[in-house]
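# Close look at the chain arrangement
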Amino acid sequence: EDQVTQSPEALRLQEGESSSLNCSYTVSGLRGLFWYRQDPGKGPEFLFTLYSAGEEKEKERLKATLTKKESFLHITAPKPEDSATYLCAVNNAGNMLTFGGGTRLMVKP
Amino acid sequence: DSGVTQTPKHLITATGQRVTLRCSPRSGDLSVYWYQQSLDQGLQFLIQYYNGEERAKGNILERFSAQQFPDLHSELNLSSLELGDSALYFCASSPQGAGGYTFGSGTRLTVV
């Protein structure tokens, strides 16, 4: 059974304080690892897809990396508008996404 | 606007009732997925349809059912509702083959 574990569950940062979110996974036949951002009461918003170990993707202050067992979402010099829940998910051979529990990020000005 | 449309946005109903949630996928997307998100469970996969046919089932209760119509919109039917069914229900769509989903804005169901 596919499993995705995210840590920490919650993270408080000061504006400008860089950090990383972790996503550990076990999946049979990985067809992609996905990062989403979710604001309260809204649907998840797609950020990145990673397909193979060593791959990296960047978007503004966010950078996602992938190894064979985990993925990291690095946030550089975050701003208050980066506050959200960040979700990690894996896509298996059945094209079904299994999500982790998410990391709630709060960035204080 | 993600391109995935869900209606209604909010729904309040009593225990024992039946409701229908509707989803229109992004133009060109053949796959529709339904997810339930409650505070203590996170995003849980319910069911997937591809071009009108059921493709995969997750932990969907027997009281719940879904279908995808020829115009590719999908409906999720929830019956004999219980308090524990209160949650956000998301629809997502994807094009043919593997790839990430695009989510709608969800329907917030409150069972009282």
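Residues numbered from 1 in each chain as written. Chains lettered and ligands numbered in written order. Predicted model: local features only at pLDDT ≥ 70, side-chain atom pairs only at ≥ 80, totals over all residues. Heavy atoms only, no water.

Each helix and strand in chain A was counted, giving zero helices and eleven strands. Secondary structure elements in chain A, listed N-terminal to C-terminal, are β-β-β-β-β-β-β-β-β-β-β. Whereas a compact globule of 109 residues would reach a radius of gyration of roughly 13 Å, chain A reaches 13 Å, a difference of no more than 12%. Principal-axis analysis of the C-alpha atoms places the extent of chain A at approximately 40 × 30 × 20 Å. Counting across all 109 residues of chain A, residues that qualify as buried make up 47%. Considering only residue pairs separated by 6 or more positions, chain A has 54% of its internal contacts joining residues 24 or more positions apart. Per element, the accessible surface of chain A, about 5,400 Å² overall, is 49% carbon and sulfur. Within chain A, one finds 13 positive and 14 negative side-chain charges whose respective centroids are separated by 1 Å. (Helix = DSSP H or I, 4+ residues; strand = E, 2+ residues; numbered from the N terminus. Rg over C-alpha atoms; globule rule 2.2 N^0.38 Å. Buried < 20%, exposed > 50% of the residue type's maximum accessible area, 1.4 Å probe, protein only. Contact = heavy atoms within 4.5 Å. Areas by Shrake-Rupley, 256 points an atom, 1.4 Å probe, with all protein chains shown as cover. Lys, Arg positive; Asp, Glu negative; His and termini not counted. Charge placed at Lys NZ, Arg CZ, Asp CG, Glu CD.)

This next bit is on the environment of B:Leu76. All names here are of chain B. By the element assignment, Leu76 lies in strand 8 (residues 74-78). On the basis of relative accessible area, Leu76 is assigned to the buried category, the value being 0%. Residues Leu76 and Gln37, 39 residues apart in the sequence, show an inter-C-alpha distance of 14 Å.

Turning our eyes to something else, we now look at the nonpolar core. Core analysis: the biggest nonpolar cluster contains 22 residues, and A:Leu33, A:Trp35, A:Leu73 and A:Tyr86 have the highest contact counts within it. Mapped onto this core, the elements with two or more residues apiece are strand 2 (10-14), strand 3 (19-26), strand 4 (33-38), strand 5 (45-50), strand 7 (62-66), strand 8 (70-75), strand 9 (84-91) and strand 11 (103-108) of chain A. Ranked by the residues each element gives to this core, the list is headed by strand 9 of chain A, at four residues. B:Leu21, B:Ile60, B:Leu76 and B:Cys91 belong to the second largest nonpolar core, which has 21 residues in total. (Core = buried A, V, L, I, M, F, W, Y, C linked by side-chain atoms within 4.5 Å.)

This part is about the state of the cysteines. Within the structure shown, the criterion is met by two disulfides over all chains. Here A:Cys23 connects covalently by a disulfide to A:Cys88, the sulfurs 1.9 Å from one another. Across the disulfide from A:Cys23 to A:Cys88, rotation about the S-S bond amounts to roughly -60°, and the bridge is consequently left-handed. Within this pair, whereas A:Cys23 is found in strand 3, its partner A:Cys88 is found in strand 9, the two being separated by 65 residues in sequence. When sorted by exposure, A:Cys23 lands in the same class as A:Cys88, which is buried. Two residues share a disulfide in this structure: B:Cys23 and B:Cys91, whose sulfurs sit 1.8 Å from each other. Since a negative S-S torsion denotes a left-handed disulfide, the B:Cys23-B:Cys91 link at about -50° is left-handed. With B:Cys23 in strand 3 (residues 19-24) and B:Cys91 in strand 9 (residues 87-94), this residue pair connects regions lying 68 residues apart in the sequence. (Disulfide = S-S within 2.5 Å.)

Looking now at the sheet that holds strand 7 of chain A. All names here are of chain A. On the basis of which strands lie adjacent, the open sheet formed by five strands has the order 1-3-8-7-6 and antiparallel pairing. Edge positions in the sheet fall to strand 1 (3-7) and strand 6 (56-59), since each of these pairs with one other strand and no more. The sheet shows a mean angle of 15° between the axes of neighbouring strands, direction not considered. (Pairing = 2+ DSSP bridges. Axes fitted to C-alpha atoms, helices over the stretch in contact; angles between N-to-C directions.)

Residues and elements named next belong to chain B. Residue position: Ile60 is located in the loop between strand 6 (53-57) and strand 7 (64-68). Along the sequence, Ile60 and Gln44 sit 16 residues apart, while their C-alpha atoms lie 9.1 Å from each other. Excluding its chain neighbours within four sequence positions, the residues that come into contact with Ile60 are Leu46, Ile47 and Leu76.

Geometry only, nothing functional implied.
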